[in-house]
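For reference, the chains in residue letters:
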Amino acid sequence: KKNVLIIGAGGVAQVVAHKCAQNNDVLGDIHIASRTVAKCEAIRASVHEKGSLKTPGVLEIHALDATDVEATKELIGKTGVQIVINVGAPFVNMSVLQACIETGVAYMDTAIHEDPLKICETPPWYGNYEWKRAEATEKAGVTAILGIGFDPGVVNAYAALAANEYFDKLDSIDIIDVNAGSHGRYFATNFDPETNFREFTGRVWSWQNREWTQNQMFEIRKDWDLPVVGSRPTYLTGHDEIHSLSKNLDVPDVRFWMGFGDHYINVFTVLKNLGLLSEQPVKLDNGQEVVPLKVVKAVLPDPASLAPSYTGKTCIGDLVKGQKDGKDREVFIYNVADHEEAYAEVGSQGISYTAGVPAVAAAMLVATGEWDVGKMVNVEELAPRPFLKLLDKLGLPTRIRDEEGDRELSSTF
Ligand code: NDP
């Protein structure tokens, strides 16, 4: 399989385009399609400016409303792509997936589908939309890889690696996501404010004692002592991968912990309590209707604009507990990424980098056939080793910390 269509032209798409270009000997032609064609043009210019294309090849841009299934099918047909990397807003997943099923090309995304009018939907998240199309996907023989960013994505592969190689029995998986970087602005979100806030405004869901458990956001805090970034406060948060991991692995507890500083929490709390994070329209006294969340998005910095001055590192990983050979053990599988290095390489900050690179690794494994499974899967259902090996080469090396110390996974390749 060859030739890639990238849908969306945001921060993650920028990384995906550069990484596809750096590997166009494997991936072939590259097409970028999004709603605002000027953003596609800026990405194309950046790829040329950095000389990212490994071999001379096709790099084309297209205007597309990805909620339009017919238009998406037409573009897939016209360009002859066999792999679609959907890194558009999470509202376009189901229409893009449908276009892929109907044209028989591989599909991948990095987040669950969302309905623009529903905030923080309740579990089962994949069951609400994507998994309803699993049968149709398999019938069409289409490979659909769900949630192949960093989290979800790489952390699912870490969980699979732990289950396959480090444990006989799993007790818990705690996914920890800390961005210890600094963007130097008063307040900003690292990716689309709308998507970002929607994650935190509702109830928090976790999987504990094999049951869905509810908490409030910022209710449960835990400080972890992490490699490189040190001791950091995190809060129990709901996240896509809790659902698929709880279904696909035999593990009683799956929790997700996101790092937040006090300043972020203060500003967020004020915005939320004022009603400014609501997705429901309000009427102004001149009769005009506005969506408060959209207004907040409009006044906050564009996440992409943070990249040039972003410094510091991210640390994201899985702390897995369980038993091996009758003994209790604890393994932390993780990656540390650097904002400045990401910017130098592909012109994006580290959060977009960690989300975009894994999708390209997956596309390469579909291209070579290793991950071309002809059905819908979450990442933990695929072989983790070829993927983690490739991520090592693409700039996201895996490290392991356990009773034997802290080392690179590559020492075991
Ligand atoms: P951005 O908001 O920067 O980009 C989204 C892009 O999608 C924009 O270019 C937008 O176009 C485009 N888009 C929106 N609606 C449509 C449509 N109907 N048709 C065509 N294009 C459309 O987001 P990010 O790049 O930061 O994130 C992309 C995805 O990655 C999101 O789903 C996000 O949740 C996910 N993500 C996953 C992570 C992970 O680790 N798994 C981490 C970070 C993000 P326009 O410019 O016109 O608005």
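Residues numbered from 1 in each chain as written. Predicted model: local features only at pLDDT ≥ 70, side-chain atom pairs only at ≥ 80, totals over all residues. Heavy atoms only, no water.

## Points about the overall build of the chain
Working step 1: For the chain, the count of helices and strands is 15 helices and 19 strands.
Working step 2: With the C-alpha coordinates of the chain rotated into their principal frame, the extents come out at 60 × 55 × 40 Å.
Working step 3: Per-residue burial over the chain gives 55% buried out of 413 residues.
Working step 4: Sequence separation of 24 or more characterises 73% of the internal contacts of the chain that already satisfy a separation of 6 or more.
Working step 5: Across the chain, the 40 positively charged side chains and the 57 negatively charged ones have centroids separated by 1 Å. (Helix = DSSP H or I, 4+ residues; strand = E, 2+ residues; numbered from the N terminus. Buried < 20%, exposed > 50% of the residue type's maximum accessible area, 1.4 Å probe, protein only. Contact = heavy atoms within 4.5 Å. Lys, Arg positive; Asp, Glu negative; His and termini not counted. Charge placed at Lys NZ, Arg CZ, Asp CG, Glu CD.)

## Looking at the site of the ligand
Working step 1: For the ligand, the set of nearby residues contains 28 residues, the closest of which are Val-12, Arg-35, Thr-36, Lys-39 and Ala-66.
Working step 2: A distance of 2.8 Å is found between an oxygen atom of the ligand and a backbone nitrogen or oxygen belonging to Val-12.
Working step 3: Protein burial of the ligand: of its 930 Å² of free accessible surface, 88% is covered by the chains.
Working step 4: Here the shell around the ligand is built from residues that sort into 13 nonpolar, 10 polar and five charged.
Working step 5: Of the residues that make up the shell around the ligand, three or more belong to each of domain 1 (4-149 + 353-392) and domain 2 (154-349 + 397-412). (Near = heavy atom within 4 Å. Polar contact = N/O pair within 3.5 Å; in protein donor to acceptor, adjacent residues only side chain to side chain. Areas by Shrake-Rupley, 256 points an atom, 1.4 Å probe, with all protein chains shown as cover. Nonpolar A, V, L, I, M, F, W, Y, C, P; charged D, E, K, R; others polar. Domains from an automatic or database assignment.)

## Considerations on the sheet that holds strand E3 (residues 59-63)
Working step 1: Pairing in this open sheet of seven strands is parallel, and the strands run E3-E2-E1-E4-E5-E6-E17 from one edge to the other. Of all the strands in the sheet, just E3 and strand E17 (376-378) have a single pairing partner and so form its edges. The average angle at which neighbouring strand axes cross in this sheet is 20°, direction not considered.
Working step 2: When strand E2 (residues 30-34) meets E3, the two strands line up parallel, connected through five bridges. Paired with Ala-33 across the two strands is His-62, which belongs to E3.
Working step 3: The sheet contacts of helix H1 (residues 11-22) involve strand E1 (4-7), E2 and strand E4 (83-86), and relative to E1 the element is tilted by about 165°. (Pairing = 2+ DSSP bridges. Axes fitted to C-alpha atoms, helices over the stretch in contact; angles between N-to-C directions.)

## Things to note about the domain arrangement of the chain
Working step 1: Once the domains are mapped, the chain shows domain 1 (4-149 + 353-392) and domain 2 (154-349 + 397-412).
Working step 2: Here the C-alpha centre of domain 2 lies 22 Å away from the C-alpha centre of domain 1.
Working step 3: Contact residues are listed per partner, giving 40 residues for domain 1 and 47 residues for domain 2.
Working step 4: In this assembly, domain 1 packs against domain 2 so that about 3,500 Å² is buried in total across both faces, 60% of it on carbon and sulfur atoms.
Working step 5: Applying the counting rule to domain 1 against domain 2 returns two salt bridges.
Working step 6: Taking the shortest distance from any N to any O, the salt bridge between Lys-19 and Glu-345 comes out at 2.6 Å.
Working step 7: Scanning the region where domain 1 abuts domain 2 turns up 17 residue pairs in polar contact (both at pLDDT 80 or more). (Buried area = accessible area lost by both parts, 1.4 Å probe. Salt bridge = Lys/Arg side-chain N within 4 Å of Asp/Glu carboxyl O.)

## Focus on a nonpolar patch on the surface
Working step 1: A contiguous nonpolar surface patch, about 270 Å² in accessible area, is contributed by Val-270, Leu-274 and Leu-276.
Working step 2: Look at Leu-274 and you get exposed, because its relative accessible area is 63%. (Patch = residues over 30% accessible without salt bridge, like charges linked within 9 Å, V, L, I, M, F, W, Y side chains within 5 Å.)

## Examining the pairing of strand E15 (residues 313-324)
Working step 1: Most of E15 is tucked away, with nine of its 12 residues classed as buried.
Working step 2: Bridge count for strand E7 (residues 169-179) against E15 is 10 bridges, and the pairing is antiparallel. Residue pairing across strands places Leu-170 opposite Gly-322, the latter belonging to E15.
Working step 3: Judged from the 12 bridges that link them, E15 and strand E16 (residues 327-338) form a sheet pairing that is antiparallel. Its bridge partner being in E16, Thr-314 is matched across the sheet by Ala-337.

## Observations concerning the side chain of Ser-206
Working step 1: For Ser-206, the position within the fold is in strand E8 (residues 203-208).
Working step 2: Owing to a relative accessible area of 0%, Ser-206 belongs among the buried residues under this scheme.
Working step 3: Separated by 3.0 Å, the side chains of Ser-206 and Gln-208 make a polar contact.
Working step 4: When sequence neighbours within four positions are dropped, the list of residues in contact with Ser-206 reads Glu-211, Trp-212, Thr-213, Leu-236, Ile-242, Val-254 and Arg-255.

## Re helix H14 (residues 350-368)
Working step 1: If you check H14, its first and last C-alpha atoms are 27 Å apart, about what 19 residues at 1.5 Å a residue would give, namely 27 Å.
Working step 2: When you tally the buried positions in H14, you get 18 out of 19 residues, the bulk of the element.
Working step 3: Its side-chain oxygen at 2.8 Å from the backbone nitrogen of Ile-351, Gln-349 defines the N-terminal cap of H14.
Working step 4: Gly-369 lies just past H14 and shows a positive phi near 95°. (Expected span 1.5 Å × (residues − 1).)

## Topic: the environment of Leu-236
Working step 1: On the secondary structure map, Leu-236 appears in strand E11 (residues 230-237).
Working step 2: Put simply, Leu-236 and Met-258 are 22 residues apart on the chain and 6.7 Å apart in space, counted from C-alpha to C-alpha.
Working step 3: Setting aside its immediate chain neighbours within four residues, Leu-236 contacts Val-204, Ser-206, Gln-208, Asn-215, Met-217, Ile-220, Arg-255, Phe-256 and Trp-257.

## Considering the pattern of salt bridges
Working step 1: This model, assessed by the stated rule, comprises 22 salt bridges.
Working step 2: Between Lys-324 and Asp-168 there is a salt bridge; the shortest N-O distance is 3.6 Å. With a gap of 156 residues between them, Lys-324 in strand E15 and Asp-168 in the loop between helix H8 (154-166) and E7 connect regions that are remote in the sequence.
Working step 3: Residue classification places Asp-168 among the exposed residues on the basis of a relative accessible area of 54%.
Working step 4: Ionic pairing is found between Lys-169 and Asp-171, a salt bridge with its closest N-O pair at 3.3 Å.

## Quick look at the packing of H8 against helix H10 (residues 240-248)
Working step 1: In the contact formed by H8 and H10, the axes pass within 10 Å of each other and the chain directions differ by 25°. Relative to H10, the element H8 is oriented roughly parallel. Seen from above, H8 lies across H10 with right-handed handedness. Each of Val-155, Asn-156 and Ala-159 in H8 lies in contact with H10, whose residues at this interface are Glu-241, Ser-244 and Leu-245.
Working step 2: Of the residues contributing to the contact of H8 with H10, the split by class is three nonpolar, two polar and one charged. (Parallel < 35°, antiparallel > 145°, perpendicular 65-115°, else oblique. Left-handed = near helix turned anticlockwise from the far one by under 90°.)

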